[in-house]
Amino acid sequence: MTKATYVTKPSLAPLHEYTKILEGVWESGILTHNGPLVQQLEKDLQAKLGLQHLVAVTNGTVALQLAIKALELKGEIITSPFTWVATVSAIKWEGCSPVFCDIDPETLNIDPDKIEALITDKTVAIMPVHVFGVPCDVDKIEAIAKKHGLKVIYDAAHAIGSKVEEKSVLDYGDISATSFHATKLFNTGEGGGCITTDSGLFEKLRRIRFFGHDAQGQIVEDGCNGKLTEIHAALGLANLKYYDEVFSARKEGYALYKELLGNLPGVSFQRCKVGVHNSSYFTVIFENEPTLLDVVQKLNDQNLYPRRYFYPSVNTFSKIVDYQPAPISEDISPRILALPLFWELGDEKIRRVVEIIAETLKK
Ligand SMILES: Cc1ncc(COP(=O)(O)O)c(C=O)c1O
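The following refers to the structure shown. Not measured: the values here are computed from a predicted model.

Parameters and conventions
- Residues numbered from 1 in each chain as written.
- Predicted model: local features only at pLDDT ≥ 70, side-chain atom pairs only at ≥ 80, totals over all residues.
- Heavy atoms only, no water.
- Buried < 20%, exposed > 50% of the residue type's maximum accessible area, 1.4 Å probe, protein only.
- Helix = DSSP H or I, 4+ residues; strand = E, 2+ residues; numbered from the N terminus.
- Pairing = 2+ DSSP bridges.
- Phe/Tyr/Trp six-rings, centres within 6.5 Å; stacked < 30°, edge-to-face > 60°.
- Lys NZ or Arg CZ within 6 Å of the ring centre and 35° of its normal.
- Near = heavy atom within 4 Å.
- Polar contact = N/O pair within 3.5 Å; in protein donor to acceptor, adjacent residues only side chain to side chain.
- Areas by Shrake-Rupley, 256 points an atom, 1.4 Å probe, with all protein chains shown as cover.
- Axes fitted to C-alpha atoms, helices over the stretch in contact; angles between N-to-C directions.
- Parallel < 35°, antiparallel > 145°, perpendicular 65-115°, else oblique.
- Left-handed = near helix turned anticlockwise from the far one by under 90°.
- Contact = heavy atoms within 4.5 Å.

Describing the pairing of strand β10 (residues 192–196)
Judged by how many residues are buried, β10 sits mostly within the fold: 5 of 5 residues are covered. Bridge count for strand β2 (residues 53–57) against β10 is 5 bridges, and the pairing is antiparallel. Note that in β10 the partner of V57 across the bridge is G192.

Remarks on the packing of aromatic side chains
Evaluated as defined, the whole model comprises 16 aromatic pairs. One aromatic cluster in this structure is built from F82, W84, F132, Y281, Y309 and F310. Geometry around Y172 places K167 over its ring, the cationic atom sitting 4.4 Å from the centre. Above the plane of the ring of Y311 lies R308, whose end atom (NZ or CZ) is 3.7 Å from the centre.

A closer look at the site of the ligand
Taken together, 16 residues are adjacent to the ligand, and G60, T61, D155, S179 and K184 come closest. One of the backbone nitrogen or oxygen atoms of G60 is found 2.8 Å away from an oxygen atom of the ligand. Considering the ligand on its own, with 390 Å² of exposed area, one finds that the protein chains cover 91% of that surface. For the shell around the ligand, the elements supplying multiple residues, two or more each, are α3 (60–70) and α4 (85–93).

Here we look at the packing of helix α9 (residues 289–301) against helix α11 (residues 347–362)
Between α9 and α11, whose axes approach to 9 Å, the crossing angle comes to 135°. If you check the angle between α9 and α11, you find them oblique. Seen along the crossing, α9 lies across α11 with a hand that is right-handed. On α11, the residues touching T291, D294, V295, K298 and L299 of α9 are V353, I356, I357, T360 and L361.

Quick word on the sheet that holds strand β15 (residues 336–339)
Strand order in the open sheet formed by 4 strands is β11-β12-β15-β14, and the pairing between neighbours is antiparallel. Sheet topology places β11 (267–268) and β14 (307–308) at the edges, where each strand pairs with a single neighbour. In this structure, strand β12 (residues 282–286) lies alongside β15, joined through 4 bridges in antiparallel fashion. Opposite I285, over in β15, you have I336 as the bridge partner. Against the sheet, helix α8 (residues 243–261) engages β11, β12 and β15, with an angle of about 25° to β12.

Quick look at the structure:
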């Protein structure tokens, strides 16, 4: 049997390039506390993505929590049910309550036309998710937020490389929180970042990432430990050199899937209506769950492992939230499948995956 192919595989720079950077860490003995490599990574990412301010942190979940904390939010936060559980757990860990706004059935992002009906006198913010890197309708969301005096935090965990009007989508909202998790287009193993264009918020994020220390080392506010280590930053610096290659490989893989699956009856796809997405995930929506399960089984039989993502819809997680209906998210979630897509996947595997899907759908 051939080696298993999973939905994703971390992109890694050649090992010797990573160890070369690590030699400097061993020499300096600096492992953390906003060390030189973290600072370099922040600078390089800002330059690469055209961002004003990026604060590197431990992971994407902590980035969301720090964003809520920095904006001093207490109350209801309107968010998407079609997301990874971290979006909602971050809201809850910061003492806020998630309110679910259903999604647009084509973009799979929060439906901006449904936000206003959910606003109450307790609403403090909107936290939309750029699902699979497809940008949200940032203009509409900003207009609603302005009208009602709400903050906007984007869960941009998937969205490095996505753009709206030639600008990184991470530059929208009061703060965007992204992830550098192993599976993401750019990774540091574990890691994440808060992005803002507001220099006051930038300084605050830097302080609360580091126990609430100011530049003079005084504790001036209630912080936590959200620091990225030098070891992770070193991996990020090594990987960043390959960002363009990784980005184009995913784009080519995405385009090939779309070309081969695009006209197949019985499947539909997420649409990008605003800006340009980063092609970081390729998902297929089947007509019903039994078909999806059949496809998964046939792929697994050939040692191919796609992932049900996002499944189930987070508003149905009875252990963490009280149920609030979101019929579109609940309808799509059991029918959507993320297919293998990563740097070194190659066309042959993509063709094989498509062949199996096409054969299964014919039956
Ligand atoms: C939409 C979304 N938000 C938040 C996160 C959390 O990011 P991290 O794994 O870096 O904590 C993820 C993780 O995959 C995610 O998919």
